[in-house]
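Breakdown of the fold
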Amino acid sequence: MPRETFSDLLAFLAVAREGSFTRAAAQLGVSQSALSHTIRALETRLGLRLLTRTTRSVSPTEAGERLLRTVGPRFEEIEAELSALSELRDKPAGTVRITTAEHAVNSVLWPKLAKVLPDYPDIKVEISVDYGLTDIVAQRYDAGVRLGDQVEKDMIAVRIAPDMRMAVVGAPAYFARRTRPQKPQDLAAHDCINLRLPTHGGLMAWEFARKGHELKARVEGQWVFNTSSAILRAALAGFGLAYLPDDMVQRHVSEGHLERVLENWCPTFPGYHLYYPSRRQSARALAVVIEALRYNGPL
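One numbering rule holds for all chains: residues counted from 1, following each sequence as written. The predicted nature of this model means local features are confined to residues of pLDDT at least 70 and side-chain atom pairs, given and counted, to a pLDDT of 80 or more, with totals for whole chains, interfaces and linings taken over all residues. Side-chain metrics rest on all non-hydrogen atoms present in the structure, leaving aside hydrogens and water.

Going by the annotation in an unreviewed UniProt entry, the name recorded for the chain is LysR family transcriptional regulator, with Dyella humi given as the source organism. UniProt positions are given in the numbering used here, feature names are shortened, and annotations may be inferred rather than shown by experiment. What the UniProt record of the chain gives under Sequence similarities (unreviewed entry) is the line "Belongs to the LysR transcriptional regulatory family."

Encoded structure:
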């Protein structure tokens, strides 16, 4: 069989599957007129009409349908095998170092990567939990995870989670002895469980917003932690109020172990984004991690 027949068959398969010369030409990266000429040449060599053309559609003739049925799967097998060989040659491998907050690890990174990494045994993922705004270039991380509004403009950012709403919660045992706060200012009279930030050693402010009015509350309490899971544990034990991501407390609220307050004041923040330096070429291992984490759902 002449070599050009193979490329002509590929052209025919593209047109037959797309049902359009325009779409097939775009897929193959050729002009519509060149593609039409290729199909006519193939039909001439075979002495058969393969496609029926109208002003609105293109469909295979009986001969074209038979060719599509018999030849199409064989080309697909060839393409699949070539793809498999390519994967053997360029198997993703290496270590991907990521800095992130604990909540992002538990709610996004772990559940998504745990499903994908078994298929890539040569990829290692090293995750460092850090609430500081780490310089990933200086600290030699491949990527970092932050809320969308915290990512620096010179970074490439990929959304990996929906927007995140915060919640203020306390245990029924706590509210049994304390009145419920009605506005953020009331928190001054409450025991609040704080998060210590590594940046300058400060405590994280509790942010609130309502009807366009925003405020940050500096709260006090007996307990200070540097992880969100420890804060949740202290809140469940009745030691005070906690300011945590809503998805982290939902189950405990539904089971009656925690109760929400200040719901109308709790803001929503842009969801987590994975970010990395724009000047760095994405290694194949990092590309696998990015695709595994990429968020395509509703915000």
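More follows now that the structure is in view.
Considerations on the pattern of salt bridges
Any carboxyl oxygen of Asp or Glu that lies within 4 Å of a side-chain nitrogen of Lys or Arg is treated as forming a salt bridge with it. Overall, the coordinates contain 11 salt bridges when judged by the stated rule. Between Glu126 and Arg97 there is a salt bridge, with the nearest N and O atoms lying 3.4 Å from each other. Pair noted here: Glu126 is in strand 4 (residues 123-129) and Arg97 is in strand 3 (residues 94-100), with a separation of 29 residues, a long-range link. Summary of the burial criterion: residues with accessible area below 20% of their type's maximum are buried, those above 50% are exposed, and those between are partly exposed, where the area comes from a 1.4 Å probe applied to protein chains only. For Arg97, a relative accessible area of 23% corresponds to the partly exposed category. Going along the chain from the N terminus, every DSSP run of H or I of four or more residues is numbered as a helix, and every run of E of two or more is numbered as a strand.

Focus: the packing of aromatic side chains
In this analysis, rings of Phe, Tyr and Trp, with Trp reduced to its six-membered ring, are considered paired at centre separations within 6.5 Å, and the interplanar angle assigns stacked below 30 degrees, edge-to-face beyond 60, and tilted for intermediate values. Under the defined criterion, the tally for this structure stands at five aromatic pairs. Taken together, a centroid distance of 5.3 Å and an interplanar angle of 15 degrees make the contact between Trp206 and Tyr243 stacked. Here Tyr243 lies in strand 12 (residues 242-245) and Trp206 lies in strand 9 (residues 206-210), a separation of 37 residues in the sequence. Consider the ring centre and the ring normal. A charge sits over the ring if Lys NZ or Arg CZ is within 6 Å of that centre and within 35 degrees of that normal. If you follow Arg97 out to its NZ or CZ, it ends over the ring of Tyr141, 4.3 Å from the centre. Between Arg180 and the ring centre of Phe175, over which it is positioned, the NZ or CZ distance is 4.5 Å.

Overview of the packing of helix 7 (residues 228-236) against helix 8 (residues 246-254)
Fitting a line to C-alpha atoms yields each axis, with helices limited to the stretch in contact; the angle taken between N-to-C directions then spans 0 to 180 degrees. At a closest axis distance of 12 Å, the pairing of helix 7 and helix 8 adopts a crossing angle of 25 degrees. Comparing the axis directions of helix 7 and helix 8 gives the class roughly parallel. Considering how the two elements wind past one another, helix 7 and helix 8 form a crossing that is right-handed. On the side of helix 7, the interface is formed by Ser228, Ser229, Leu232 and Leu236, while helix 8 contributes Met248, Val249 and His252. For this scheme, ten residues count as nonpolar: Ala, Val, Leu, Ile, Met, Phe, Trp, Tyr, Cys and Pro. Four count as charged, namely Asp, Glu, Lys and Arg, and the remainder, Gly too, count as polar. Here the residues of the contact of helix 7 with helix 8 sort into four nonpolar, three polar and no charged. An angle counts as roughly parallel when it lies under 35 degrees, as roughly antiparallel when it exceeds 145, as roughly perpendicular when it falls between 65 and 115, and as oblique in every other case. With the far helix as reference, a near helix turned anticlockwise by less than a right angle produces a left-handed crossing, and one turned clockwise produces a right-handed crossing. We call two residues in contact when some of their heavy atoms are within 4.5 Å.

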